Amino acid sequence: MRKILSLVLVLSLVLGSFSFAFAAGVTSDVKDEDVKEAVERLAAFGIVNGMDDGKYHPELKVTREQFAKLVVEALGLGSAARAAEGATQFTDVAADRWSSGYINVAAGEGIIKGMGDGTFAPTEEVTYAQAVTMLVRTLGYKDEFLRGPWPGNYVSKAAELDITKDVKFAPSGTADRGSVAVMLDNTLDAKMIKQTAYGDSIYGNKWEETDVTLLEEKLNITIIEEGQITGVAKIDDDLKENEITVKDEDNKETDYEVICDANTTNLLGLEADIYLNDDDEVVYIDVTTDEEDVKVGVITEITKEDDEITEVTVQFADADDDDLELSSKMTLYINNEEVDDATDADTKDGFDEGLYGRFILDEDDEVIFADLYKFNDEAVIVKEINEDKKYVKGLKGTADNHKVDFDAEDGYKLFLDGKEITLEDLQEDDLIYTAEVNELDGDTFIYGFVVRNVIEGKLERIKDDAAKIDGTEYDVDELFGGATYSLESDKEDPEKFNDAEKLEDAAKETVKAVIDIKGELRHIVTDVEESSDTLYGIVVKDGFLSSGDDAVKIWTKEDDDQTYKFDDDYDYKTIKEGDIVSFELTKDGEIDTDEYKVIATLDKDSNKYVGKVQYTIEGFDDDKDYIVADGDKYYIEDDTVIMSLYEDENNDEVDPSVISWENIEDSNVEKADGKTVVIVTDEDKINAEFVVFVENYDLSGDATSAYVKGDPEYDGDDWVVEVELFDGTEKTMKLEKKGLVEEGDFIVFTTNQDGEIEDTVVRAVYDDKVVKTSAVADLSEDYEMAYGKVDKFENDVIKLDKDAYNKGSYKLTDETGVYVLTLEDNKYDKVSREDFSEIEEDSYVRLIINDGDVEMVVVMDEYTPDEDEVDKDVEAVEEAIDALPNPDDITLDDEDDVKAAREAYEELTASQQKEVDSDLVEKLEACEAKIEKLKDVEEDDTKIENAVAKNAAILTSVTGDCASDVDKVEVIYNGKTKEAKIENGTFSYNIVPMIGAGDEVVIKGYVGDELVDTDTITAE
């Protein structure tokens, strides 16, 4: 039972609480779960109670007379003890001592025998040995029944009977109230014995164990084991609030009065051991339903098969969810009304998304019982409480003053964390869901389910449908009306949370968020105010007057210009464009005049700053994060602001922009060597607080490939996305604009001056799609694509089969990333980074290749386009070829069209190429031959000589001689055009992977832009 208690206290908002309040006050100071359960049971049977302060105090020691009382009560002889008060056989127990009656009864029952000297020592602390001896005797055992000396014989028998289970002790040690409760509770469940033969020794006496426990024989308790509570007052008008219906193992249902302090409503549907006294009243309930079989949450999805509902997805208060299968024998209650044919998809008012409540699973992990509620409307965030008129007002959706009236004709109930509360208990920002239900005698009640889950923290990231606060991402509620936000502490009407850009002012600020019943975001509110710390910036306009006040326009760390007024007079004429300044703001958002400092003034004639703040860059250390300038190191901190002064290369117009240290790290840092920079440091002149690059230099990055790990998010300044580069490096990248990529994309991209992924990014592999070489080659001529089935993989070389696109062999390196892409309905489902062992023969792979080396391998199920897609691609190629002139009419002016037709044909899969009309293929080849013939007529056959193509290992080496005036040599193979290296009258180019022997290679030589010679050779 305790396990279930702990579960429900965490998850339940009313429906699952099993806190029956057995000795609730008595156990308030008990931490140990075994002790707590024992005390609750003993208190229910009237055996134990609290001390003077009402608490149990498990740490206190127990005296011998106190223990005697406990044993007598456990034997059901408490009344007899009160009648037996008076003189005792022990010299140290007076007739008027409070414990005399208990001591007399215990002695009469053979439970106690004293200290051996005629005394009992009532106030001495009872030892564990003495305690277990008395407990074993309560079951009918006598000294002569047990072999061996005392106390070992009794301690051994107590262990055998599980009396000392869960208790650690030394026999000579003294017992505390916690251990005593556990041992006494264990004894109640032990079997009694009866003597069957009598003698003078252990060998003459005989006894046998009965089937009756101490609890049953002495306290007249009857136990209904594993009974199911099938009825309570809220669903059965014939029951009172202190009555329940119990179904026993024979499926017989009986109504019982509950006389223990239990919340009967919360028992509905559970299995429990029901303890009855001799009047058939329930004195104790021990819930046996396991915590893992009780789920409390909201239905977010329903699964149907034919006409049956077979499964529901339930989302819990911590935002996790689980798929629950439904039993055909399930009992379903919605708003306290039983639903017939619960799993029938056509059942009116049956299962639906948005139902909230408790689900109980059977031994097959199927829902056997569900007690659910249908909410009336969207939840309301409490802002005003009127206890007299019984209503609350608050935010409902985008309405900021919605009223919820609890002055219903019959009544209302509010529930929080499994307990019934009053309007007085409500707090501002509580979230209330309401349901109209039938209560006792058919009365209509309003149930209010209260969620009190408000968090505060930094708003780190924003998506259109989620927000990250202090490291935890919360999805936006979609089931109960969506989420809202307010930027001015709920002083304005809330707005729908569905566009991240609208919350850019709140990003990186401290916010308060209300979390809903599913653990999702319901409302965000913040006060957006400028920081009053020291700020840095660059003046972008000479000083001026604004509404008669001195004003300045400054480029700030927000990467935008801000216009500020001064809080006092300041000579605006001294403010000059290009000034590097520090300043602080007042609460009114004005510059504190006394804190405005000009750090450096720009001399526009020389493009240099006046003063000893300008340095010459000598290098960067991107591992230790520092700049080397004029021989000194300046360390970059997380809050260092870095800007460039000019946007263009001419450095002739002040146009600042904020740049990140990460972008500098990723750039070609050698480009900055010798450039000038202004560095503002802290007092120790070690850490840089503000850095301004005075001269422009190129921060753009070369092309690279990566896997997109999540959807883009807005962080308050930019759209950003989490990526994993092909070598495994994880980074947060800025995007030039929203919508460039999605989670699951494999991309090839470059970065701009601001370190943003440019809008030229190529989604090389996404969903079941893959781009062709031309798409990535347009971004960078070093990149190409290949895809198809693996024919062979050995020695880190992939060889694609004959039907592959860009068939050939490709080398993997230590940095190659291998990813397994799983699709569902031809759409991205999940991706995992794996090792080379995932690449097997007949695997379907997609390769992203950079300068001959494979950067990324995407392993996935082969995707076969449907016939319509194939027809469209083939049709487009056939139309392109058909549009060409007849071969006899071809001129050099048609060369580009012929090339385009060939490229379109080569981008078809092998199976698609077979579908192209063979006559049109012959026409294309004839047109190409005619173009070459026309070019040969104009070319000088001596410009390119001795050209050869030889295969070796994994590459094909193409070499030859060229005339001294040849500026460029192109090597053309498999539809690709690459530029060869020219040196001392020779040219060379390595084709990786190598092409097949006999494959054709075309060599073209150029003088300037003019083609002067063409040679055609075959690979050897």
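As the structure is a prediction and not an experimental result, all values here were calculated from the model. (Residues numbered from 1 in each chain as written. Predicted model: local features only at pLDDT ≥ 70, side-chain atom pairs only at ≥ 80, totals over all residues. Heavy atoms only, no water.)

(A) Molecular detail of the overall build of the protein chain. In terms of helices and strands, the protein chain carries 15 helices and 61 strands. Since a compact globule built from 1020 residues should have a radius of gyration of about 31 Å, the 42 Å found for the protein chain marks it as more spread out than a globular shape. Along the first, second and third principal axes, the C-alpha atoms of the protein chain reach 135 × 80 × 65 Å. For the protein chain, buried positions account for 50% of its 1020 residues. In the protein chain, of all internal contacts separated by at least 6 residues, the share reaching a separation of at least 24 is 57%. A total of about 48500 Å² of accessible surface is found on the protein chain, and carbon and sulfur atoms cover 39% of it. (Helix = DSSP H or I, 4+ residues; strand = E, 2+ residues; numbered from the N terminus. Rg over C-alpha atoms; globule rule 2.2 N^0.38 Å. Buried < 20%, exposed > 50% of the residue type's maximum accessible area, 1.4 Å probe, protein only. Contact = heavy atoms within 4.5 Å. Areas by Shrake-Rupley, 256 points an atom, 1.4 Å probe, with all protein chains shown as cover.)

(B) Molecular detail of the pattern of salt bridges. In the structure shown here, the tally under the stated rule is 38 salt bridges. Across the pair Asp 377 and Lys 396 runs a salt bridge, and its minimum N-O distance is 2.5 Å. Pair noted here: Asp 377 is in the loop between β13 (366-373) and β14 (380-386) and Lys 396 is in strand β15 (residues 391-396), with a separation of 19 residues, a long-range link. Lys 396 gets classed as buried once you look at its relative accessible area, which sits at 17%. (Salt bridge = Lys/Arg side-chain N within 4 Å of Asp/Glu carboxyl O.)

(C) Expanded view of the UniProt feature "domain: SLH" (unreviewed entry) in the protein chain. Residues given the UniProt feature "domain: SLH" (unreviewed entry) here are residues 22-85 and 86-149. Within the segment residues 86-149, helix and strand shares are 31% and 0% respectively, and the terminal C-alpha atoms sit 34 Å apart. (UniProt positions renumbered as here; feature names shortened; annotations may be inferred.)

(D) Examining the packing of helix α3 (residues 64-74) against helix α8 (residues 177-188) more closely. Put simply, α3 and α8 touch, their axes get as near as 11 Å, and they point 25° apart. Between α3 and α8, the angle falls in the class roughly parallel. Our pair here, α3 against α8, has a crossing hand that is right-handed. From α3, Phe 67, Leu 70 and Ala 74 reach across to α8, where they touch Val 180, Leu 184 and Leu 188. (Axes fitted to C-alpha atoms, helices over the stretch in contact; angles between N-to-C directions. Parallel < 35°, antiparallel > 145°, perpendicular 65-115°, else oblique. Left-handed = near helix turned anticlockwise from the far one by under 90°.)

(E) Fine view of the nonpolar core. Counting 63 residues, the largest nonpolar core has Phe 45, Ile 47, Phe 67, Ile 112 and Leu 188 as its most contacted members. Discounting chain neighbours no more than four positions away, the residues touching Phe 67 are Val 62, Val 126, Ala 131, Met 134, Leu 135 and Val 180. Counting residues in hydrophobic clusters, the runner-up holds 35 residues, among them Ile 469, Val 476, Val 511 and Phe 749. (Core = buried A, V, L, I, M, F, W, Y, C linked by side-chain atoms within 4.5 Å.)

(F) Focus on the domain arrangement of the protein chain. In terms of domain boundaries, the protein chain breaks down into domain 1 (59-217), domain 2 (220-287), domain 3 (454-525), domain 4 (532-693), domain 5 (700-772) and domain 6 (956-1019). Centre-to-centre separation of domain 2 and domain 5, based on C-alpha positions: 62 Å. (Domains from an automatic or database assignment.)

(G) Expanded view of the sheet that holds strand β3 (residues 222-231). Strand order in this open sheet of 5 strands is β5-β4-β3-β6-β7, and the pairing throughout is antiparallel. Across the chains shown, the open sheet's two edge strands, defined by having one partner strand only, are β5 (253-257) and β7 (282-287). Strand-to-strand, the axes of this sheet are offset by a mean angle of 45°, without reference to chain direction. Pairing of strand β4 (residues 243-247) with β5, which is carried by 5 bridges, proceeds in the antiparallel orientation. Note on β5: the bridge partner recorded for Ile 244 is Tyr 256. (Pairing = 2+ DSSP bridges.)

(H) Region of interest: the confidence of the model for the protein chain. Residue-level pLDDT values for the protein chain average 85, and 91% of them are 70 or greater. Low pLDDT, under 50, characterises residues 1-23; the predicted model gives this stretch 77 contacts beyond four residues in sequence or across chains. Note that residues 865-870 has pLDDT below 50 and, in this model, 4 contacts with residues that lie over four places away or in other chains. (pLDDT = per-residue confidence, 0-100.)

(I) Seen up close, the packing of α3 against helix α5 (residues 100-108). Interaxial distance between α3 and α5 falls to 9 Å at its minimum, and their mutual angle equals 65°. Judged by the twist between their axes, the crossing of α3 over α5 is left-handed. Listed contacts from α5 to Glu 65, Lys 69, Val 72 and Glu 73 of α3 are Tyr 102, Ile 103, Val 105 and Ala 106. Taken together, the residues of the contact of α3 with α5 sort by class into 5 nonpolar, no polar and 3 charged. (Nonpolar A, V, L, I, M, F, W, Y, C, P; charged D, E, K, R; others polar.)

(J) View of the pairing of strand β6 (residues 271-276). Burial of β6 is extensive: 5 of the 6 residues sit out of reach of the surface. In the sheet, β3 pairs with β6 via 5 bridges, with the strands oriented antiparallel. When the bridges of β6 are listed, Thr 222 appears paired with Leu 276. Two elements, β6 and β7, share 5 bridges in a ladder whose sense is antiparallel. Residue pairing in the sheet places Ala 272 in a bridge with Val 287 of β7. A loop of 5 residues connects β6 with β7, the two strands running antiparallel in sequence, and Asp 280 in this loop sits at a positive phi of about 60°.

(K) How the structure looks around the side chain of Thr 434. Relative to the helices and strands, Thr 434 resides in strand β19 (residues 431-438). If sequence neighbours within four positions are ignored, Thr 434 has contacts with Lys 374, Phe 375, Asn 376, Val 404, Phe 406, Ile 446, Tyr 447 and Gly 448.

(L) The arrangement of the side chain of Asn 806 in detail. Topologically, Asn 806 is positioned in the loop between β49 (797-800) and β50 (809-824). Using a relative accessible area of 13% as the deciding quantity, one classes Asn 806 as buried. Aside from chain neighbours lying at most four places away, what touches Asn 806 is Thr 773, Glu 784, Met 785, Ala 786, Leu 800 and Lys 976.

(M) The sheet that holds strand β60 (residues 1000-1007), seen in detail. Read across the sheet, 4 strands follow the order β57-β56-β60-β61 without closing on themselves; strand pairing throughout is antiparallel. The open sheet has two edge strands, β57 (976-979) and β61 (1010-1018), and neither has a second partner. Direction aside, the axes of adjacent strands within the sheet are offset by 25° on average.

(N) Quick peek at unusual backbone geometry. A cis amide bond links Trp 150 to the next residue, Pro 151, at an omega of 5°. Here Pro 151 is to be found in the loop between α6 (128-138) and α7 (152-160). A cis geometry characterises the amide bond from Val 992 onward to Pro 993, with omega recorded as -5°. By the secondary structure assignment, Pro 993 is in the loop between β59 (986-991) and β60. The phi angle at His 57 is positive, at roughly 60°, despite the residue not being glycine. Checked against the element boundaries, His 57 lands in the loop between α2 (33-44) and α3.

(O) Focus on the pairing of strand β40 (residues 701-708). Counting buried residues in β40 gives 7 out of 8 residues, a clear majority hidden from the surface. Bridge analysis of β40 against strand β44 (residues 746-751) gives 5 bridges, and the strand direction is antiparallel. Looking at β44, one finds that Ala 706 is bridged to Ile 747. The pairing of β40 with strand β42 (residues 719-725) spans 3 bridges and is classified as antiparallel.

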